[in-house]
Amino acid sequence: MPIIAERTRDGLKYIQFESMCGLGLRHGFFTRHGGVSPKPFDSLNMATTVGDRNENVLENLKRMFSVFGLDLATRYDGWQVHSGTVTCVTAPRDPRARSLRTDALVTDRSDVTLVMRFGDCVPVILVDPVRRVAAVYHAGWPGTVKKIGANVVHVMKKVYGCDPRDVIAGIGPSIGPDRFEVKEDVAGQLRAAFPDERGKIERRDAQGRIFFDLWTANRLTLEGCGVERIDVAGICTVQNRGDWFSHRGDSGKTGRFGVLVSLDGMKYA
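Structure report, in brief. (Residues numbered from 1 in each chain as written. Predicted model: local features only at pLDDT ≥ 70, side-chain atom pairs only at ≥ 80, totals over all residues. Heavy atoms only, no water.)

With that out of the way, let us pick up the overall build of the chain. In terms of helices and strands, the chain carries seven helices and 15 strands. Computed over its C-alpha atoms, the radius of gyration of the chain comes to 17 Å, within 12% of the 18 Å expected for a compact globule of 269 residues. If one aligns the C-alpha atoms of the chain with their principal axes, the spans along those axes are about 50 × 45 × 40 Å. Looking at the 269 residues of the chain, the share that counts as buried comes to 55%. Averaging the coordinates of the 38 positive side-chain charges in the chain and doing the same for the 32 negative ones gives two points 3 Å apart. (Helix = DSSP H or I, 4+ residues; strand = E, 2+ residues; numbered from the N terminus. Rg over C-alpha atoms; globule rule 2.2 N^0.38 Å. Buried < 20%, exposed > 50% of the residue type's maximum accessible area, 1.4 Å probe, protein only. Lys, Arg positive; Asp, Glu negative; His and termini not counted. Charge placed at Lys NZ, Arg CZ, Asp CG, Glu CD.)

Structure below.
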């Protein structure tokens, strides 16, 4: 059975993890197709911070939500700042209120839809079908160094009573290990965060350039917390810029793709 499924609806293309579809979890990692934004944000851009018009982003969000028959009024999103901060969500965000600075959202509410935006950083979805809790988080290299995944699992355990062995994780499209070249200052921080795993996450090419594997680093973080089922999409955003926004691949002038998670309709295991 394949790990991911590629789907299209109303012109929007997205992927899902089969393990989560089997639980009834509404979720999707949406490509750049099917929206209204002009170049270089063409076309399903989900971020106003990149220079796109607010009305374009709002229409794109509505289209993403409509794929699952969800009301945009259920949305909760945050201001992503490469932190290790986790926010527990109990109600949709008031669109008139300023977004909280956070890089992870967790909820047990079916009337809330979690949304985050990405353009090379690692998107991760977690779901506990026993406690009926879902999370999504943003792990660029700073979040990977801070082991934001461990923070999320800790909150799921402490606040919601989750057992990590019940949690299913999906690591979505992001910059891949063959394209994430780093300088020595970043490499040093990653090595310090994963002192015993350097051989698994770092390599040098014949020219001495350093590359890190953020997929493996985030998987190792979750495994260290007791999460046993972890699926990796294995899609590099830089190598697949025709489908995914890539900050590095597009030299900083691009959009952000959306990731959506909703417990609406999901049953307890």
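Resuming the write-up.
To continue, consider the side chain of Arg117. Structurally, Arg117 is set in strand S7 (residues 113–118). The class of Arg117 is buried, set by a relative accessible area of 15%. For Arg117, the side chain forms a polar contact with the main-chain oxygen of Met46, separated by 2.4 Å. Filtering out sequence-adjacent residues up to four positions away, Arg117 remains in contact with Met46, Ala47, Leu61, Arg75, Asp77, Gly78, Gln80, His138, Arg256 and Phe257. (Polar contact = N/O pair within 3.5 Å; in protein donor to acceptor, adjacent residues only side chain to side chain. Contact = heavy atoms within 4.5 Å.)

Right, let's talk about the packing of aromatic side chains for a bit. Under the counting rule described, the total for this entry stands at six aromatic pairs. Taken together, a centroid distance of 5.7 Å and an interplanar angle of 70 degrees make the contact between Tyr14 and Phe68 edge-to-face. With Tyr14 in strand S2 (residues 12–17) and Phe68 in the loop between helix H2 (54–66) and strand S4 (75–77), this residue pair connects regions lying 54 residues apart in the sequence. Residues Tyr14 and Phe68 agree in their burial class; the two are buried. Pairwise contacts between aromatic rings join Tyr14, Phe30 and Phe68 into one cluster. Its end group placed over the ring of Trp79, Arg101 keeps NZ or CZ at 4.2 Å from the ring centre. Over the aromatic face of Phe211 sits the side chain of Arg203, whose NZ or CZ is 4.4 Å from the ring centroid. (Phe/Tyr/Trp six-rings, centres within 6.5 Å; stacked < 30°, edge-to-face > 60°. Lys NZ or Arg CZ within 6 Å of the ring centre and 35° of its normal.)

The next subject is the side chain of Thr144. Topologically, Thr144 is positioned in helix H3 (residues 141–145). Residue Thr144 is classed as buried on the basis of its relative accessible area of 0%. Of the polar contacts made by the side chain of Thr144, one reaches the side chain of Asn218; its length is 3.1 Å. With residues near it in sequence (within four places) discarded, Thr144 still touches Ala139, Leu190, Phe194, Leu214, Ala217 and Asn218.

Another point: the pattern of salt bridges. A side chain with one charge may pair with a side chain of the opposite charge, provided their charged atoms come close. According to the stated counting rule, one finds 23 salt bridges in the structure shown. Between Asp178 and Arg203 there is a salt bridge; the shortest N-O distance is 3.6 Å. Here Arg203 lies in strand S12 (residues 202–204) and Asp178 lies in the loop between strand S10 (168–171) and strand S11 (181–182), a separation of 25 residues in the sequence. The class of Arg203 is partly exposed, set by a relative accessible area of 35%. Beyond isolated ion pairs, a larger network of salt bridges with shared partners links Glu184, Arg191, Arg198, Glu202 and Arg204. (Salt bridge = Lys/Arg side-chain N within 4 Å of Asp/Glu carboxyl O.)

The sheet built from six strands is open, its strands ordered S5-S6-S9-S8-S10-S14 with mixed pairing. Edge positions in the open sheet fall to strand S5 (87–89) and strand S14 (229–232), since each of these has one partner strand only. The mean angle between the axes of side-by-side strands here comes to 15 degrees, regardless of whether they run parallel or antiparallel. Bridge analysis of strand S8 (residues 122–128) against S10 gives four bridges, and the strand direction is antiparallel. By the bridge assignment, Val124 is partnered in S10 with Ile171. Here helix H4 (residues 148–160) sits on the sheet in contact with S5, strand S6 (104–107), S8 and strand S9 (133–139), set at roughly 160 degrees to S9. Contacts from helix H7 (residues 214–224) reach S8, S9, S10 and S14, with the element oriented near 25 degrees to S8. (Pairing = 2+ DSSP bridges. Axes fitted to C-alpha atoms, helices over the stretch in contact; angles between N-to-C directions.)

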